[in-house]
Amino acid sequence: MNKGNEKQQGFMPSSVDEGVNADRRRLIKQTSIIGAGALLGALSPAVFAAPSKEVIVRGIGGSYQEALENAVYKPFTELTGIKVIIQPSTAAQIMAMIKAGRVTLDVLDIGDVTQTNLNAAGALMPINYAGMKFTNPDDIFPEVRRPNIVGNLFFSTVMVYNTDVFRDGNHPRTWAEFWDAERFPGPRTLTDLRTSSTELEFALLADGVDMKDIYPIDIKHAFASLSRIKPHVVKWWDTGALSVQLMERKEAVLGALWNGRAQALIDQGAPLAIEWNQIKQQLQYWSVLKGSPNPENAQLLIDFALQPEVQAKITQFIAYGPTNKKAFQFVRPEDLVKLPSNPEYYSRSFVQNAQWWTDNIEEVGKIWQPWILGQG
């Protein structure tokens, strides 16, 4: 994806068209706005006859999963009678499941790189846009509305710092300063490649590369830069839950974290703050695995989750941005300031090129493994 094109195509909240009020009235007539944990509509569970009454969704735990349970899964079950079962799975475990031909998941809620890889491997079913009952697919940003995957939300990887350690605004504001362990001492945490990518982009920014020149990534250059910060990285995290544990326990005082995970701790009073400069914009996608046990229920859950009111409700629990352009009319002002798609932050960010990672993940992996073990 091209950052400039995204701005032109309306990824920003300010691009919501002038017809939203009419659409809002239409939507309210069709389905009621989600309240405190339930969708109060005229439809009853009997309407959704299905061969089974469950759907199995990939989960990753922590505040993100809690947000989806409150805003999506519980209301979905209340309305349809279909129970949402959470099955924790890493990207590596999902890949192994596909290769073994033993699919136990219905719905994947996972990042753009893994979804792009799975789609290229032919592992995903088409999204049933034509059969959607709750969501108007035309309201979803066209860039994230693809045949076999559909954007769930925007998130970003941001610089997070401990405010007890870095007081009075004396904290790193660029990745070059994050890399400066002499000026800003303390243990760091960065992503492990098991998250489907690692911080090669930040490594280049730390070495003076401009955001517009990051891609295609010069892998050798990026690893040379990573080697400079490596002695100061206490842990390379592979789950969002682990990343916030490290920061919460002060095992790390600086880190590259997913913004929603960090914001959840901040909202709970943790002495942490986000630096919104040079953030990496990323996308989380929904998909349905081929051979899934409950494909009809999977399609229905995705349809339900993409409603503007539902996406807006998610922002009340975790700071990730909607992909349905009509959702912003339902987002509270106090939540908008925490979203990575906020125009103030977006203008100082870059968008991860998922296709580059898909094309180059194997090459990066060959270097990563010996490098992380100290053999490279």
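The structure presented is a predicted model; accordingly, all values stated were derived computationally and were not measured.

1. Quick word on the overall build of the chain
Line of reasoning, step 1. Within the chain, the regular secondary structure consists of 15 helices and ten strands.
Line of reasoning, step 2. When burial is assessed residue by residue, the chain has 55% of its 376 residues classed as buried.
Line of reasoning, step 3. Of all intrachain contacts in the chain linking residues separated by at least 6 positions in sequence, the fraction that spans at least 24 positions is 74%.
Line of reasoning, step 4. When the accessible surface of the chain is summed, it comes to about 15,400 Å², and 50% of that surface belongs to carbon and sulfur atoms.

2. A word on the pattern of salt bridges
Line of reasoning, step 1. Within this structure, the stated rule accounts for 15 salt bridges.
Line of reasoning, step 2. Here Lys280 ties to Glu199 by a salt bridge, and the two come within 2.8 Å at their closest N and O atoms. Highlighted residues: Lys280 in strand S8 (residues 272-288) and Glu199 in the loop between strand S5 (188-191) and helix H7 (200-206), separated in sequence by 81 residues. For the pair Lys280 and Glu199, one class covers both residues: buried.

3. Quick look at the packing of helix H3 (residues 62-80) against helix H11 (residues 295-305)
Line of reasoning, step 1. Their axes nearest at 10 Å, the elements H3 and H11 cross at an angle of 115 degrees. Seen from above, H3 lies across H11 with right-handed handedness. Of the residues in H11, those in contact with Val72, Tyr73, Pro75, Phe76, Leu79 and Thr80 of H3 are Asn297, Leu300, Leu301, Phe304 and Ala305.
Line of reasoning, step 2. In terms of residue class, the contact of H3 with H11 is made up of nine nonpolar, two polar and no charged.

4. Observations regarding the confidence of the model for the chain
Line of reasoning, step 1. Summing up the model confidence of the chain, the mean pLDDT is 87 and the portion of residues at 70 or higher is 86%.
Line of reasoning, step 2. Segment residues 1-44: pLDDT under 50, and 79 contacts once partners within four positions in sequence are set aside and those in other chains are kept.

5. Remarks on the side chain of Thr358
Line of reasoning, step 1. Structurally, Thr358 is set in helix H15 (residues 354-372).
Line of reasoning, step 2. Look past the residues within four positions of Thr358 in its chain and what remains in contact with it is Val113, Thr116 and Asn117.

6. Observations concerning H3
Line of reasoning, step 1. For H3, with 19 residues, the first-to-last C-alpha span of 25 Å sits near the 27 Å given by 1.5 Å per residue.
Line of reasoning, step 2. Of the positions making up H3, those classed as buried are Ser63, Tyr64, Gln65, Ala67, Leu68, Ala71, Val72, Tyr73, Pro75, Phe76, Leu79 and Thr80.
Line of reasoning, step 3. Immediately downstream of H3, the backbone of Gly81 shows phi near 80 degrees, a positive value.

7. Quick notes on the packing of helix H9 (residues 240-248) against helix H10 (residues 259-267)
Line of reasoning, step 1. The contact between H9 and H10 brings their axes to 9 Å, and the two run at 40 degrees. On the basis of their axis angle, the class for H9 and H10 is oblique. With respect to the hand of their crossing, H9 and H10 are arranged in right-handed fashion. Two secondary-structure elements touch here, H9 through Gly240, Ala241, Val244 and Glu248 and H10 through Arg261, Ala262 and Leu265.

8. Description of the environment of Gln282
Line of reasoning, step 1. Mapping Gln282 onto the fold places it in strand S8.
Line of reasoning, step 2. The sequence separation of Gln282 and Gln352 amounts to 70 residues, and the corresponding C-alpha distance is 5.7 Å.
Line of reasoning, step 3. A distance of 2.5 Å separates the side chain of Gln282 from the side chain of Thr157, its partner in a polar contact.

9. A closer look at the pairing of strand S7 (residues 254-258)
Line of reasoning, step 1. Taking burial as the measure, the five residues of S7 include five buried ones, the bulk of the element.
Line of reasoning, step 2. Because side chains alternate across S7, one face comprises the buried residues Leu254, Ala256 and Trp258, and the other comprises Gly255 and Leu257, equally buried.
Line of reasoning, step 3. Relative to S7, strand S4 (residues 150-162) runs antiparallel, the two sharing five bridges. Each residue of the ladder has a partner; that of Met159, found in S7, is Ala256.

10. Let's talk about the packing of aromatic side chains
Line of reasoning, step 1. Counted according to the given criterion, the structure contains 18 aromatic pairs.
Line of reasoning, step 2. Pairing Phe76 with Phe304 gives two aromatic rings, centres 5.6 Å apart and planes at 65 degrees, and the pair type is edge-to-face. Taken as a pair, Phe76 in helix H3 and Phe304 in helix H11 lie far apart in primary sequence, 228 residues in all.
Line of reasoning, step 3. A residue is classified by how much of its surface remains accessible, and Phe304, at 0% relative accessible area, is buried.
Line of reasoning, step 4. Grouped by ring-pair contacts, the aromatic residues Tyr64, Phe155, Trp237, Trp258 and Tyr320 constitute a single cluster.
Line of reasoning, step 5. When the ring centre of Trp371 is taken as reference, the NZ or CZ atom of Lys230 above it lies at 4.3 Å.
Line of reasoning, step 6. Above the plane of the ring of Phe202 lies Lys280, whose end atom (NZ or CZ) is 5.3 Å from the centre.

Scoring rules and cut-offs
- Residues numbered from 1 in each chain as written.
- Predicted model: local features only at pLDDT ≥ 70, side-chain atom pairs only at ≥ 80, totals over all residues.
- Heavy atoms only, no water.
- Helix = DSSP H or I, 4+ residues; strand = E, 2+ residues; numbered from the N terminus.
- Buried < 20%, exposed > 50% of the residue type's maximum accessible area, 1.4 Å probe, protein only.
- Contact = heavy atoms within 4.5 Å.
- Areas by Shrake-Rupley, 256 points an atom, 1.4 Å probe, with all protein chains shown as cover.
- Salt bridge = Lys/Arg side-chain N within 4 Å of Asp/Glu carboxyl O.
- Axes fitted to C-alpha atoms, helices over the stretch in contact; angles between N-to-C directions.
- Left-handed = near helix turned anticlockwise from the far one by under 90°.
- Nonpolar A, V, L, I, M, F, W, Y, C, P; charged D, E, K, R; others polar.
- pLDDT = per-residue confidence, 0-100.
- Expected span 1.5 Å × (residues − 1).
- Parallel < 35°, antiparallel > 145°, perpendicular 65-115°, else oblique.
- Polar contact = N/O pair within 3.5 Å; in protein donor to acceptor, adjacent residues only side chain to side chain.
- Pairing = 2+ DSSP bridges.
- Phe/Tyr/Trp six-rings, centres within 6.5 Å; stacked < 30°, edge-to-face > 60°.
- Lys NZ or Arg CZ within 6 Å of the ring centre and 35° of its normal.

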